[in-house]
Amino acid sequence: MEKQSRLLCSELCVQRRLYEVTLNCAILAWKDIQIAKKHTGRAIYGAVKAGSYCVPVCEIIAVQEKDDDTPCKNTGKWQKVPQSPADPCQHAFTVFYVERTRQHCWWCSNVTFHCSDHSLCLLWVQTIREQLALLTNRPKSLLVYINPYGGKQRGKQIYDHKVAPIFSRASISTDVIVTERANHARDHLKTEADLKKYDGVVCVGGDGMFSEIMHGLVSRTQQEAGVDENSMEETLMPCGLRIGIIPAGSTDCICYATVGSNDPVTSALHIIVGDSQAMDICSVHNEDRFLRYSVSLLGYGFYGDVLTDSERKRWMGPARYDISGVKTFLSHRYYEGTVSFLPAEGNLGSPRDKMQCRTGCSVCRQSSSDKLVSKNEDSVSDAECQDTWTVIRGKFLAINAASMSCACPRSPKGLSPSAHLADGTTDLILVRKCSRLDFLRHLLRHTNKDDQFDHSFVEVYRVKQFRFTPRYQECDSEVDLRESGVTGKRFLSQICREHRACGCMPSQSNWNCDGEILPHTAIQVRVHCQLIKLFARGIEEQQVFEDPYAHCAI
Ligand SMILES: CCCCCCCCCCCCC/C=C/[C@@H](O)[C@H](CO)NC(=O)CCCCCCCCCCCCCCC
Ligand SMILES: Nc1ncnc2c1ncn2[C@@H]1O[C@H](COP(=O)(O)OP(=O)(O)OP(=O)(O)O)[C@@H](O)[C@H]1O
Ligand SMILES: [Ca+2]
């Protein structure tokens, strides 16, 4: 690896031991001088090289000169630092940085360097600050919306105690709005907010709150660009501002699937270091009417019914989904209709492959460059017009479209473990009518390592667009009905009588669109590749045990 030129190198004390501390434009490293002498020429492999530490500059949160009257790190007691000129601990500065802890969680750690010379101390602080100022992807000013009623109603507390202190440490200025009603944040973003003042928007809440922010930003962007959201053929304009999610909801699936955890401090740190993760958005239409956008799950049948039932139980908090889940499972309803879709082509992988979307995902990167090429050549919809639609008619327990894995604490690998965050596709999962036991087996596989698609009654397709028409709205069945003189109501009661014996109930469900119920059952869906960006980096690969200082060339 190419060595970066040193900016600073000094002998400084950390907890009264002498370290050689070096800084280049990429890395801050400190090495215990005595231990280093003992181990010269001997590489130590493991979690850390004895007595040596390093932090990438891009993961430094802040640097602060330490006041004299601060608690001593060793004893925790308040004391005056000794004034002897020979005391190497007389002046000090503290570096706050990202530390990786358990499973994809980050923590704000710190180290205090002591030196005898005040000007040296200032030089270090100033040089590190200069390096941080060069990181132009970091936000300086954020607009924060807090839903005080999401999840366990701890949004405000989580923000005040866990997030605000680290934002202020990182010198990020914030305007905070605690929402007073549903859609307050969406409407404010859509019509009022002075977005030029901010480098990003942060939501404190669950998937529903994220959906509000995303709708506000996407609609505002289309309005300003003169794009008609009601037209399915229009190419939507990507949003300029990144969105940060501080998880404080019931499912927190979008945060979990883009960061790898639902820990508020981890999310705050991803915002501070200025991470960026592009994300696909599905637009959902009914005829020529725009209904909603979706980034995670569009589910008809099982997940639509779970949501419809759970909305009546909001007071129960996150447990409502489990109660409604069991109830819906026992009711075992199936739904008839036609699903048509445009399969994804090219090197976009398959929902059955084992390739998961991780930080810097090559599939998503390729989609990003394909998007640029198709923008320069021809409009996407022209190309898609020539594609052929696949049509599937049947009886389904669930029709799910997962535009991302939908991993969440309930299902750590998610509804579609190999779905990509930013490849311009959604994974369409069709669960056909089957016995309760088979459906339970399928559901259980969302919680273990087994393949939930490996059932004869489950099909999965990676698609760019799809449509659904419920049986009772299909033209030919309407014609059949009119011709035979049977009214819709009589027709449905006739089907119910026919199916009493098998224990299944054919009926009408609702679409669950990222946790919101849609008012229409016949929908047309189109995926828009990389329409928004989050303050996230996707899920990081677990670190392998090799020399962790290999990249610390200094
Ligand atoms: C036997 C255990 C099986 C467990 C199966 C768990 C599968 C869980 C899959 C979760 C997928 C979440 C997708 C995310 C959707 C979000 O955009 C949306 C908004 O937050 N959340 C929900 O709609 C909330 C959806 C919440 C769905 C919870 C479903 C719970 C099912 C429980 C079935 C129990 C059967 C037990 C029979 C004795
Ligand atoms: N002040 C408010 N009063 C009432 N409802 C609100 C308020 N602010 C936001 N909301 C609405 O509350 C709904 C639920 O919020 P949120 O997503 O934060 O939590 P959740 O539903 O518990 O979590 P999840 O969506 O992850 O399941 C959102 O759809 C949002 O529109
Ligand atoms: Ca996708």
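Note that this is a predicted model, so its numbers are computed, not measured.

Trainee: Lay out the packing of aromatic side chains in plain terms, naming residues and giving numbers.
Mentor: Counting across every chain of the model gives 17 aromatic pairs. Seen from their ring centres, Phe302 and Tyr303 are 5.1 Å apart, and the 80° between their planes marks the pair as edge-to-face. Exposure class is identical for Phe302 and Tyr303. Each is buried. With a centroid separation of 5.2 Å and 80° between ring planes, the pair formed by Phe302 and Phe439 is classed as edge-to-face. Of this pair, Phe302 sits in helix 8 (residues 302–311) while Phe439 sits in helix 12 (residues 436–444), and the two are 137 residues apart along the sequence. Under the relative-accessibility criterion, Phe302 is labelled buried at 9%. On the basis of relative accessibility, which here comes to 4%, the residue Phe439 falls in the buried class. An aromatic cluster of at least three residues, connected via ring pairs, comprises Tyr19, Trp30, Tyr53, Phe93, Tyr97, Phe113 and Trp124. Between the NZ or CZ atom of Lys433 and the centre of the ring of Tyr334, over which it lies, the distance is 4.9 Å. Its end group placed over the ring of Trp389, Arg467 keeps NZ or CZ at 3.9 Å from the ring centre.

Trainee: Now, about the coordination of the calcium ion (ligand 3): what can you tell me, with residues and values included?
Mentor: The calcium ion (ligand 3) binds to the protein through Asp280 (OD), Ser403 (O), His420 (O), Asp423 (OD) and Thr425 (O); the donor distances cover 2.3 to 2.6 Å. The sequence pattern formed by the donor residues of the calcium ion (ligand 3) is D-x122-S-x16-H-x2-D-x1-T.

Trainee: Tell me about the nonpolar core, and please be specific about residues and values.
Mentor: Ranked by size, the top nonpolar core spans 68 residues in total, and within it Tyr145, Phe210 and Ile532 carry the most contacts. Among the elements that make up this core, the one with the highest residue count is helix 5 (residues 207–225) (six residues). For this core, the two domains that each supply at least three residues are domain 2 (138–276 + 535–554) and domain 3 (282–526). Setting aside its immediate chain neighbours within four residues, Phe210 contacts Cys203, Ile243, Ile245, Ile254, Met279, Val295, Ile532 and Leu534.

Trainee: Provide a residue-level description of the pairing of strand 15 (residues 333–343), including the pertinent values.
Mentor: With nine of its 11 residues buried, strand 15 lies for the most part within the structure. Pairing of strand 15 with strand 16 (residues 390–402), which is carried by seven bridges, proceeds in the antiparallel orientation. Bridging from a neighbouring strand, Glu336 pairs with Lys395 of strand 16. Taken together, the seven bridges between strand 15 and strand 18 (residues 458–470) define a ladder with antiparallel strand orientation. Note on strand 18: the bridge partner recorded for Pro343 is Val463.

Trainee: Report on the packing of helix 4 (residues 184–192) against helix 5, specifying residues and quantitative values.
Mentor: With their axes 8 Å apart at the nearest point, helix 4 and helix 5 run at an angle of 15° to one another. Looking at the two axes, helix 4 sits roughly parallel to helix 5. The hand of the helix 4/helix 5 crossing is right-handed. Judged by residue contacts, His184, Ala185, Arg186, Leu189, Lys190, Thr191 and Glu192 of helix 4 engage Met209, Glu212, Ile213, His215, Gly216, Leu217, Ser219, Arg220 and Gln223 from helix 5.

Trainee: I'd like a rundown of a nonpolar patch on the surface, residues and numbers included.
Mentor: A surface patch of nonpolar side chains, amounting to about 260 Å² of accessible area, comprises Leu437, Leu440 and Leu444. One can find Leu440 in helix 12.

Trainee: Explain the site of ligand 2 to me, using residue names and the numbers behind them.
Mentor: Neighbouring residues of ligand 2: 23 residues in total, closest Gly151, Thr179, Gly206, Glu212 and Ser250. One of the backbone nitrogen or oxygen atoms of Gly151 is found 2.7 Å away from an oxygen atom of ligand 2. A distance of 2.9 Å separates an oxygen atom of ligand 2 from a polar backbone atom of Asp207. Taking 630 Å² as the accessible area of ligand 2 by itself, protein coverage stands at 87%.

Trainee: How would you explain the side chain of Ser250 if you had to name every residue and give the values?
Mentor: Residue position: Ser250 is located in the loop between strand 11 (242–247) and helix 6 (253–259). Side chain to side chain, Ser250 and Arg320 meet in a polar contact 3.2 Å long. Leave out the neighbours within four places in its chain, and Ser250 touches Gly151, Gly317, Pro318, Arg320, Tyr321 and Arg410.

Conventions we followed
Residues numbered from 1 in each chain as written. Chains lettered and ligands numbered in written order. Predicted model: local features only at pLDDT ≥ 70, side-chain atom pairs only at ≥ 80, totals over all residues. Heavy atoms only, no water. Phe/Tyr/Trp six-rings, centres within 6.5 Å; stacked < 30°, edge-to-face > 60°. Buried < 20%, exposed > 50% of the residue type's maximum accessible area, 1.4 Å probe, protein only. Helix = DSSP H or I, 4+ residues; strand = E, 2+ residues; numbered from the N terminus. Lys NZ or Arg CZ within 6 Å of the ring centre and 35° of its normal. Donors = N, O, S within 2.8 Å, 3.2 Å for Na, K, Ca; no water. Core = buried A, V, L, I, M, F, W, Y, C linked by side-chain atoms within 4.5 Å. Domains from an automatic or database assignment. Contact = heavy atoms within 4.5 Å. Pairing = 2+ DSSP bridges. Axes fitted to C-alpha atoms, helices over the stretch in contact; angles between N-to-C directions. Parallel < 35°, antiparallel > 145°, perpendicular 65-115°, else oblique. Left-handed = near helix turned anticlockwise from the far one by under 90°. Patch = residues over 30% accessible without salt bridge, like charges linked within 9 Å, V, L, I, M, F, W, Y side chains within 5 Å. Areas by Shrake-Rupley, 256 points an atom, 1.4 Å probe, with all protein chains shown as cover. Salt bridge = Lys/Arg side-chain N within 4 Å of Asp/Glu carboxyl O. Near = heavy atom within 4 Å. Polar contact = N/O pair within 3.5 Å; in protein donor to acceptor, adjacent residues only side chain to side chain.

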